[in-house]
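Below, each chain spelled out in residue letters.
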Amino acid sequence: MNAVNIDMKKLHPFEGHPYQVQDNEEMDTLVESVQAQGVLTPLIVRPKENTTDEYEIVSGHRRFRAAKKAGMNEVPAFIYEMDRDAAAIALVDSNLHREHLLPSEKAFAYRLKMEAMKRQGFRSDLTSTQVVAKLRSGDIVGQGMNEGRETVRRYIRLTNLIPEILQKVDEGRIAFTPAVELSYLTHEEQKHLASEMDYADATPNLSQAQRMREFSRQGRLSEDVICAIMGEEKANQKEKLKIPMDRIRKFFPRSYTTAQMETEIVKLCEAQYRRRQRSREER
């Protein structure tokens, strides 16, 4: 099959696709490449239902964005006849191995693929953790990332978090396991928790998240209870150096999480320390 050039105005992002297309340094580099060489890898698209000559992007949302920013009128694309469920599965599979995949992206990607497979007739019972011989859809969804059914189920739980809390998971401020526990709180309870986290400049550890989940199950997780739990001094709490984000954000790609930035800063400090040590030894 040969790629054909398609008018940019006839292309539309896949509705509800889970991956973020950010205008960051990586995008700027891609735009420069497109301006110099064009779109080298054709997009994959499918005809959009109930339209004439309109297409939905299955693979290539970043290339499409870069071409748009570069001022192109057409992009090369392969056109495949596929229904929405098949397209959803293809979209997820083509992006799961991306570098720096955020927890929220993986969570919504797994859910999108799970729902598509369920409609296609795969087994999708993720409520039981009992080991079974037959592969279920959860096992198949996670195969590409070497993750089992239980891990897939836990990631999908994150889609129940409100945006304010899910963003803290993406930033590395809330660990994955506590985040799963918090996903069982009602949205109203999560809003109270988000406000308390911002006020206290703190996030819950696993023990705190588990207790909040249990109080929620009992219908007893009030604002006062959330405040009391978040006000506890953690046993392993250590003095921390706090640097305003606006002082360091410009030095890192926008896709970097807080945890990734912290790792890079520590590496730079270690390198500087080694240089000072060598300088002293040479004197």
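Residues numbered from 1 in each chain as written. Predicted model: local features only at pLDDT ≥ 70, side-chain atom pairs only at ≥ 80, totals over all residues. Heavy atoms only, no water.

**What to know about helix H3 (residues 84-95)**
Along an α-helix, a turn takes 3.6 residues, which lines up residues three or four apart on a common side.
Point 1. The terminal C-alpha atoms of H3, which comprises twelve residues, lie 17 Å apart, in line with the 16 Å expected from a rise of 1.5 Å per residue.
Point 2. Where H3 is buried, its residues meet strand E3 (43-47), strand E4 (55-59), helix H2 (61-69) and helix H4 (103-119).
Point 3. Its side-chain oxygen at 3.2 Å from the backbone nitrogen of Asp85, Asp83 defines the N-terminal cap of H3. (Helix = DSSP H or I, 4+ residues; strand = E, 2+ residues; numbered from the N terminus. Expected span 1.5 Å × (residues − 1). Contact = heavy atoms within 4.5 Å. Polar contact = N/O pair within 3.5 Å; in protein donor to acceptor, adjacent residues only side chain to side chain.)

**A closer look at the nonpolar core**
Point 1. Counting residues in hydrophobic clusters, the biggest one holds 41 residues, and the most contacted among them are Leu158, Leu161, Ile165, Leu182, Leu193 and Met212.
Point 2. Among the secondary structure elements, those contributing two or more residues to this core are H3, H4, helix H6 (149-157), helix H7 (163-170), helix H8 (176-182), helix H9 (187-200), helix H10 (206-217) and helix H11 (223-230).
Point 3. The element best represented in this core is H4, accounting for seven residues.
Point 4. Once residues within four sequence positions are removed from consideration, Leu193 is found in contact with Ile165, Leu182, Leu185, Met212, Ile226 and Met230. (Core = buried A, V, L, I, M, F, W, Y, C linked by side-chain atoms within 4.5 Å. Buried < 20%, exposed > 50% of the residue type's maximum accessible area, 1.4 Å probe, protein only.)

**What about the confidence of the model for the protein chain?**
Point 1. Scored by pLDDT, the protein chain comes out at a mean of 84, with 87% of its residues at no less than 70.
Point 2. Mean pLDDT across the elements of the protein chain bottoms out in helix H5 (residues 137-142) (54) and peaks in H8 (97).
Point 3. Confidence over residues 123-135 falls short of pLDDT 50; this stretch has 22 contacts with residues more than four positions distant or in other chains. (pLDDT = per-residue confidence, 0-100.)

**Describing the packing of aromatic side chains**
A ring pair, where both rings are aromatic, is described by two values, the distance of the centres and the angle of the planes.
Point 1. In the structure shown here, the tally under the stated rule is three aromatic pairs.
Point 2. Pairing Tyr155 with Phe176 gives two aromatic rings, centres 4.5 Å apart and planes at 40°, and the pair type is tilted. Of this pair, Tyr155 sits in helix H6 while Phe176 sits in helix H8, placing them 21 residues apart in sequence.
Point 3. Accessibility expressed as a relative area gives 13% for Tyr155, which makes it buried.
Point 4. Residue Phe176 is classed as partly exposed on the basis of its relative accessible area, which comes to 25%.
Point 5. Each member of the aromatic cluster is reached from another via a ring pair, and the members are Tyr110, Tyr155 and Phe176. (Phe/Tyr/Trp six-rings, centres within 6.5 Å; stacked < 30°, edge-to-face > 60°.)

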